[in-house]
Amino acid sequence: MHKMTTCTAPVLVVGAGPTGIAAALTLARNNVPVRIIEKELQHRRGQRGPGIQPRTFEVFHFLHVPEIHERATPFPPLQEHNRGSLEPLNTFSMVEYTEPTPAIPYYNAKFMGQPTLEAIVREHLAKLGCTVELGTQLISFTQDEKCVRAKVVRHRDDDGEKVEEDIEAAYLIGADGARGMIRKQVGLTFLGTTREHEFMVVGDIRLDAKGLDRDHWHAFGQASQDVITLRPTDELGKNGWQIIMTSRITDLEGLIHDSKAFVKCINDFIGLGDDIKVKEVMWASEFRPNMRMVNKLGVGRIFVAGGIDSHVLHFYPAHQCFPPRSDAAHVHSPVGGQGMNSSVQDAFNLAWKIALVYKGFSPASLLDTYTAERLPVIAEMLGYTTEMHKLIFDESDAGRAPRLTADDNGNSKNVESSLKRGMRRGKNMYMLGVNYRTSPIVIDDSGVPAVQNAYREIQEGTLRAGDRAPDAPGLISHHIPCGSQSAVLLPSGMAGRTRMFDLFASTHHTVIIFTPALVVPFVQSVLATLQQVVPKEIVRRVVVLPGPPSEPDGHVESRTSSEEDQLINVEVLVDQVGHAYRGYTVEEQETKVVVVRPDGVVGAAVHGVTGLVQYFEGVFGKKGGMLATEDAVQI
């Protein structure tokens, strides 16, 4: 793999679900030509996995897609009922609201159906000149050290004919589902288990329900018998609901293919008689929970990404018949709301690395770190979601409803229902603590050994290389005159005030130099090193001074002309209220360099240029980030 030559053909993304469109958008933001194909003739329906975790909101922030967070809706409280009764047995929040902090601006999960999310991202893709090629199916592919050669069949709109096309691609990203051909053809294993004794149905319906409020996510029935949950969502209309059904006594398999029987079963599970009227079944899917993952995420120029619950059969209105959608790298229980989020984060991790290699800035060996970083995360995520699934579905006692029992002293105490125990989420499910501390390319000179714990809860006040980089608002631009020029070049719209998250993007690394004064030997050595080891167009240089400054030039000393030259194109910011110094664990008089990768992860946290050089050599190679022309063969 490491002897790959440079290929100028587009990157081919197969599958236009959340995984595929996130990968395509990241590549397009980096000015990498990309084609994204989808075998279906229409964009897919179905709310599917609608939970969006805080870390995924951060990813979309770095991709400049603010509408995802703006339009997503908060989690409603979950309310449990006996079948046939609107009287609540128990009402609880799946996730307690957490007040955002300066370091964590997106601290709460929200809901957004996948059709809405995908449509928003496609709009951004279209602005960059990339559109999803519907009705285009991958038939076969081969690869060598130069490129991938793929054969696709395209459904022509004008006459419905199918036309074959041969595509040459620099890389192939498979987001074509667990049943897709890419994973199988490159020989990746898919180890794990299928819960053969369990069967679930999910769907989108329009429902008129007398007395059923839209302020709660409702659950009817008992885990030992029949259970249905109804989540209100205005994305489907003012009477729209997403349903999930499971049963230990009713055979649900194949039910969705008989619309009358399906509607009758929904009514029976709720048990409210004529007070419930199903007006329309918009989409439905049935599946057995799978817990599986690949052994690695790529071979040569071909990669797989994404994971969600494994839907094996689908029903739509008669004029729409779509096959299943799951993703290519991992499948798991829908409990926990991690699937779509893991998919987007897989894609983001992979795509910024492909962009650097594609443009000749990094060696192909950088792509090996996709597997090295993401596979431990996926493995731990599967463990957590499987345990949550068991809390709900592996109960041996009779019933799901909360009940009273006696403690050792004979006093009554409430026992939580299995649904509540399984649906309540720990903060590790927010994915803010997902980390790559053991990655071969992150550098941390703290001297503390990295311990494998890729799915931990976030701990504010601690920061290691491999962690998500925290936000920090209240950064004030500091104008430093250098003769007739300014040392500070602010991006448009910054208006003298910014936040750390607005400095990050998928298109560049951000080098943050924390220093008590602007001109000290440490700052000069860091800037000189950056000039030597990394191309300036893909690294943003930022000096952060402690604040507030008592004088406008309080952090400035006299400078030589060579020092002034180094300060050109460096952004100088003052941490007015201390959020950056606290979030990045820097003492006021300390000097420290933090390198933030294009995916918003701390790549290096060091106190000298040795660690800085080590990090950039790991990412860009030992040739200063530019591959020698004799090593690149254009085709």
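Reading guide: rules and limits
- Residues numbered from 1 in each chain as written.
- Predicted model: local features only at pLDDT ≥ 70, side-chain atom pairs only at ≥ 80, totals over all residues.
- Heavy atoms only, no water.
- Helix = DSSP H or I, 4+ residues; strand = E, 2+ residues; numbered from the N terminus.
- Buried < 20%, exposed > 50% of the residue type's maximum accessible area, 1.4 Å probe, protein only.
- Areas by Shrake-Rupley, 256 points an atom, 1.4 Å probe, with all protein chains shown as cover.
- Polar contact = N/O pair within 3.5 Å; in protein donor to acceptor, adjacent residues only side chain to side chain.
- Contact = heavy atoms within 4.5 Å.
- Core = buried A, V, L, I, M, F, W, Y, C linked by side-chain atoms within 4.5 Å.
- Salt bridge = Lys/Arg side-chain N within 4 Å of Asp/Glu carboxyl O.
- Axes fitted to C-alpha atoms, helices over the stretch in contact; angles between N-to-C directions.
- Parallel < 35°, antiparallel > 145°, perpendicular 65-115°, else oblique.
- Left-handed = near helix turned anticlockwise from the far one by under 90°.
- Pairing = 2+ DSSP bridges.

Visitor: Would you take a moment to explain the overall build of the protein chain for this structure?
Guide: When you go through the protein chain residue by residue, the secondary structure sums to 13 helices and 36 strands. Residues classed as buried in the protein chain amount to 59% of the 635 residues present. Carbon and sulfur atoms make up 50% of the accessible area of the protein chain, which amounts to about 24,800 Å² in all.

Visitor: What is the right way to read the side chain of R35 from this model?
Guide: By the secondary structure assignment, R35 is in strand β2 (residues 34-38). Polar side-chain contacts of R35 include one of 2.8 Å to the side chain of E133. Setting aside chain neighbours within four positions, we find R35 in contact with P10, V11, L12, V13, E133, E165 and I167.

Visitor: What should I look at first to understand the nonpolar core in this one?
Guide: Nonpolar side chains tend to gather and get buried jointly when the protein is soluble and globular. Membership of the largest hydrophobic core comes to 129 residues, with the highest contact counts inside it found for I68, F504, Y584 and F616. Excluding residues within four positions of it along the chain, F616 makes contact with H509, V511, L530, V533, V534, V539, V595 and G621. Residues I243, L252, I276 and V278 belong to the second largest nonpolar core, which totals 24 residues.

Visitor: Looking at this model, I keep getting lost on the pattern of salt bridges. Mind explaining?
Guide: Opposite charge on two side chains permits pairing when their charged atoms draw close. Counting across every chain of the model gives 25 salt bridges. Of the charged contacts, one joins R149 and E168 as a salt bridge, the two residues approaching to 4.0 Å between their closest N and O atoms. Here R149 is found in strand β10 (residues 148-155), whereas its partner E168 is found in strand β11 (residues 162-169), with 19 residues between them in sequence. By relative accessible area, R149 is classed as partly exposed at 37%. Judged by relative accessible area, which is 35%, E168 ranks as partly exposed. Where D234 meets K238, a salt bridge forms, and the shortest distance between an N and an O atom there is 3.5 Å. Residue class for D234 comes out partly exposed when judged on its relative accessible area of 49%. Overall, K238 belongs to the exposed group, its relative accessible area being 67%.

Visitor: What am I meant to see in the packing of helix α10 (residues 521-533) against helix α13 (residues 609-620) here?
Guide: Helix-helix packing is described using two parameters, namely the angle between the two axes and the distance between the axes. Two elements in contact, α10 and α13, have axes separated by 10 Å at closest approach and are oriented at 20°. By the angle class used here, α10 and α13 are roughly parallel. Judged by the sense of rotation from one axis to the other, the crossing of α10 with α13 is right-handed. Residue-level inspection shows S525, V526, T529, L530 and V533 of α10 in contact with α13, the latter providing V609, L612, V613 and F616.

Visitor: Just to check I follow, could you spell out the sheet that holds strand β4 (residues 73-74) for this structure?
Guide: Either a parallel or an antiparallel arrangement is found when strands of a sheet pair, and the pairing is made through backbone hydrogen bonds. A sheet is described by the order of its strands in space; here three strands give the open sequence β3-β7-β4, paired in antiparallel fashion. Both outer strands of the open sheet, β3 (51-52) and β4, are each paired with one neighbouring strand and no more. Relative to strand β7 (residues 110-111), β3 runs antiparallel, the two sharing two bridges. The residue bridging G51 from the neighbouring strand is F111, located in β7.

Visitor: Please clarify how the sheet that holds strand β12 (residues 172-174) should be interpreted in this entry.
Guide: With mixed pairing, the six strands of this open sheet are ordered in space as β8-β2-β1-β12-β21-β20. A strand with exactly one partner marks an edge of an open sheet, and here the two such strands are β8 (132-134) and β20 (298-299). Strand direction decides the pairing type here: strand β1 (residues 11-14) and β2, joined by four bridges, are parallel. Opposite V11, over in β2, you have V34 as the bridge partner.

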